[in-house]
Amino acid sequence: MISRPKTQFIKNVSSGLNTKIIGKNVYHFETIDSTNLYAKKLVKEGVEEGSVVISDVQLSGRGRKNRTWSSPNGGLWFSIILYPKISLKNGMLVTMASSVAIVQGIKDIIGITPVIKWPNDLLINDKKVCGILAEIEAEKDNIKYAIIGIGVNVNNQLEKKLYKTATTLKQEIGNQVSIVELFRLILKRFDENYNRLILGDYDFIRNSWLLYSDIIGKKIQVQDDKTLVIGRVTNIDDNGILILDTENGPTRIVCGDLKYL
Ligand code: BTN
């Protein structure tokens, strides 16, 4: 098993954390290519569920759809390893539970509640403050592992090209935010929500997600690799799939880039 030194950072994070599953092992780096990639190596080694990889800086941070994710010092860049015993068709609920946990962690520390933009971006004042890259591997209908990569803009300097579309927690409150404190709060909230999920309380996750999302009733367009769909959102089904009322009738949307119209 790959082992890493217990840095002061890890000691500060772990002290009195008292979670059931999440964050019992924390692997901390100053610099790494991508925490998701390292998490994959740990999965191959058979690492314990709930292990977390965090790095101060990522040199090849990855976003959804093979985009890059700018990850300089001052942000919160980490990945959580999960082995959820749930069916693949419920896989979206893992990401939904993650979004909920991060909203709650951010609310706990700065008192502002980010809005969830489907599928899993978190926005404050319409600007992106957090992105999630969920990498789920399944065999038939069973999830083998899920790596939930989470990037939160905290005290980091944003690249100029992101000024219009992204924000940081520091920018929103005008003060530095403690990375250790934020990380601890998110891990605790993650643990609460994940435990509800694996107990099968899917309604709890779906309802919490709906509470923090503003999507129901909105007119949107969703673009995936091949198609563009326009319609009004009427619901999110039990599996986290978006139901749109379109001119061709009700349409189910599993993934894509969403724009409010
Ligand atoms: C998105 O495109 O919105 C998802 C961004 C996810 C970024 C995080 S940062 C930690 C983890 N490691 C990565 O390489 N990506 C995710």
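These lines cover the structure that appears in this document, whether it is placed above or below.

Reading the values: the criteria
- Counting restarts for each chain: residues are numbered from 1 in the order of the written sequence.
- With the structure being a predicted model, the display of local features is reserved for residues of pLDDT at least 70 and the display and counting of side-chain atom pairs for 80 or more, all residues being used for whole-chain, interface and lining totals.
- Working from all heavy atoms in the structure, the side-chain values ignore hydrogens and water.
- A fitted line through C-alpha atoms represents every axis, and for helices the fit uses only the stretch in contact; the resulting angles, taken between N-to-C directions, go from 0 to 180 degrees.
- For helices the rule is a DSSP run of H or I covering at least 4 residues; for strands it is a run of E covering at least 2, with both sets numbered from the N terminus onward.
- Between 65 and 115 degrees an angle is taken as roughly perpendicular, under 35 as roughly parallel, over 145 as roughly antiparallel, and anywhere else as oblique.
- Each crossing gets its handedness from the near helix: less than a right angle anticlockwise from the far helix is left-handed, clockwise is right-handed.
- Two residues form a contact once any of their heavy atoms are found within 4.5 Å.
- Patch definition: residues above 30% relative accessible area lacking any salt bridge, with like charges linked at up to 9 Å and the nonpolar side chains Val, Leu, Ile, Met, Phe, Trp and Tyr linked at up to 5 Å.
- Surface accessibility in these figures is a Shrake-Rupley result with a 1.4 Å probe; residues are shielded only by whichever protein chains are displayed.
- Salt bridge criterion: a side-chain nitrogen from Lys or Arg within 4 Å of a carboxyl oxygen from Asp or Glu.
- Buried residues are those whose accessible area, probed at 1.4 Å on protein chains only, stays under 20% of the maximum for their type, while exposed residues exceed 50% and partly exposed ones sit between those limits.
- The arc in question is the one traced by the directions running from the helix axis out to the C-beta atoms.
- Within 3.5 Å is the distance limit for a polar contact, defined as a pair of N or O atoms, with the added protein rule that one can donate a hydrogen and the other accept it, and that residues adjacent in sequence qualify only through two side-chain atoms.

## As for the packing of helix α3 (residues 91-110) against helix α6 (residues 202-212)
Then step 1. Axis separation between α3 and α6 bottoms out at 9 Å; the angle between their running directions is 50 degrees. The angle between α3 and α6 falls in the class oblique. Taken as a pair, α3 and α6 cross one another with a handedness that is left-handed. Taking contact as the criterion, the partners of L93, M96, A97, S99, V100, V103 and Q104 in α3 are, on α6, Y202, I205, R206, S208, W209 and Y212.

## Side note on a nonpolar patch on the surface
Then step 1. Nonpolar side chains collect at one region of the surface, where L228, I230 and L261 lie side by side and expose about 280 Å² of accessible area between them.
Then step 2. Mapped onto the elements, L261 comes out in the segment after β12 (257-260).

## Overview of the pattern of salt bridges
Opposite charge on two side chains makes pairing possible when the charged atoms of those side chains draw close.
Then step 1. For the structure shown, the criterion picks out 12 salt bridges.
Then step 2. Between E159 and K161 there is a salt bridge; the shortest N-O distance is 3.3 Å.
Then step 3. You can call K161 exposed: its relative accessible area is 65%.
Then step 4. Notably, a salt bridge pairs K218 with D214, separated by 3.1 Å at the nearest N-O pair.
Then step 5. Residue K218 is classed as partly exposed on the basis of its relative accessible area, which comes to 31%.
Then step 6. In this structure, a network of salt bridges that share partners links the residues K40, R62 and E135.

## Quick notes on helix α2 (residues 35-44)
Then step 1. Of the positions making up α2, those classed as buried are T35, N36, Y38, A39, L42 and V43. Projected down its long axis, α2 carries its buried residues within an arc of 160 degrees, all on one side.
Then step 2. In this fold, the buried residues of α2 make contact with β1 (26-32), β2 (52-58), β3 (76-82), β6 (127-139) and β7 (142-152).
Then step 3. Two or three places before N36, at the start of α2, stands the capping residue S34, its side-chain oxygen 3.2 Å from that residue's backbone nitrogen.
Then step 4. After α2 finishes, the residue G46 shows a positive phi value of roughly 80 degrees.

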